[in-house]
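Residue strings, one per chain:
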Amino acid sequence: QVHLAESGGGLVQAGGSLRLSCLATGRIASIKIMGWYRQAPGKQRELVARSTTGSVTNDYADSVKGRFTISRDYAKDIVYLQMDNLQPEDTAVYYCYANLRAPDYSEWNDYWGQGTRVTVSS
């Protein structure tokens, strides 16, 4: 079984920083995409940042460009999200996402972590 485990959430004042981490474990042959989504109370889950294997650039939501940075440790199947200059609007549960293939399978599947909570106070 494949599991995604997030960590690094917490409470921070506006203007502060946090770094989220996500470790993918299990029977994994290849990872195509790793990224971060978030869901605030009363809102739909939205894409925050995404890294596609082999791509030169990463994708970011307009609301976090210039403040958040996604990075990956390819050898350890870890994705990070460095969040700087956090604002109250960033308050949400952040979910790790991966699109990957298991050994001996030709299809790619989506996996989600359990989420880590980020609260930004004003």
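Remember, it's a predicted structure, so these values are computed and weren't measured experimentally.

Participant: Quick question: what am I supposed to make of the packing of aromatic side chains here?
Facilitator: Working definition: an aromatic ring pair is given by the centre-to-centre distance plus the angle between the planes. Applying the stated criterion to the full structure yields 3 aromatic pairs. Both rings, one in Tyr-37 and one in Tyr-97, keep their centres 5.6 Å apart while their planes meet at 70°; by these two values the pair is edge-to-face. Taken together, the residues span a long stretch of sequence, with Tyr-37 in strand S4 (residues 30-39) and Tyr-97 in strand S9 (residues 92-101) at a distance of 60 residues. The two residues Tyr-37 and Tyr-97 agree in class, both being buried. Considering the side-chain rings of Tyr-97 and Trp-112, the 5.1 Å spacing of their centres and the 55° angle between planes classify their relative orientation as tilted. Of this pair, Tyr-97 sits in strand S9 while Trp-112 sits in strand S10 (residues 109-112), and the two are 15 residues apart along the sequence. Counting every residue linked through ring pairs, the aromatic cluster contains Tyr-37, Tyr-97 and Trp-112. Lying across the ring of Tyr-95, Arg-45 places its NZ or CZ 3.8 Å from the centre. Here the guanidinium or amino end of Arg-45 rests over the ring plane of Trp-112, the centre of that ring lying 4.8 Å away.

Participant: I tried to follow the side chain of Ser-51 on my own but got confused; where do I start?
Facilitator: Along the polypeptide, Ser-51 turns up in strand S5 (residues 46-52). Among the polar contacts made by the side chain of Ser-51, one reaches the side chain of Asn-58 at a distance of 3.4 Å. With sequence-adjacent residues up to four places away left out, Ser-51 is seen in contact with Lys-32, Ile-33, Met-34, Asn-58, Ile-70, Arg-72 and Tyr-74.

Participant: Looking at this structure, how should I read the nonpolar core?
Facilitator: One broad trend across soluble globular proteins is that nonpolar side chains are buried collectively. Counting 29 residues, the largest nonpolar core has Trp-36, Val-48, Phe-68, Leu-81, Met-83 and Tyr-94 as the members making the most contacts within it. Contributing elements (two or more residues each) for this core: strand S3 (18-25), S4, S5, strand S7 (68-73), strand S8 (78-83), S9 and strand S11 (116-121). When residues of this core are assigned to their parent elements, the largest contribution, 5 residues, is made by S9.

Participant: I'm lost on the pattern of salt bridges in this one. Help?
Facilitator: Opposite charge on two side chains allows them to pair when their charged atoms are near. One pass over the full model with this rule turns up 5 salt bridges. Here Asp-59 makes a salt bridge to Arg-50, at a shortest N to O gap of 3.2 Å. Among the residues examined, Arg-50 registers a relative accessible area of 27% and is labelled partly exposed. Across the salt bridge formed by Asp-62 and Lys-65, the nearest N and O atoms sit 3.4 Å from each other. The two residues Asp-62 and Lys-65 agree in class, both being exposed. Overlapping salt bridges, with partners in common, bring together Arg-38, Glu-46, Arg-67 and Asp-90 in one network.

Criteria and thresholds
Residues numbered from 1 in each chain as written. Predicted model: local features only at pLDDT ≥ 70, side-chain atom pairs only at ≥ 80, totals over all residues. Heavy atoms only, no water. Phe/Tyr/Trp six-rings, centres within 6.5 Å; stacked < 30°, edge-to-face > 60°. Helix = DSSP H or I, 4+ residues; strand = E, 2+ residues; numbered from the N terminus. Buried < 20%, exposed > 50% of the residue type's maximum accessible area, 1.4 Å probe, protein only. Lys NZ or Arg CZ within 6 Å of the ring centre and 35° of its normal. Polar contact = N/O pair within 3.5 Å; in protein donor to acceptor, adjacent residues only side chain to side chain. Contact = heavy atoms within 4.5 Å. Core = buried A, V, L, I, M, F, W, Y, C linked by side-chain atoms within 4.5 Å. Salt bridge = Lys/Arg side-chain N within 4 Å of Asp/Glu carboxyl O.

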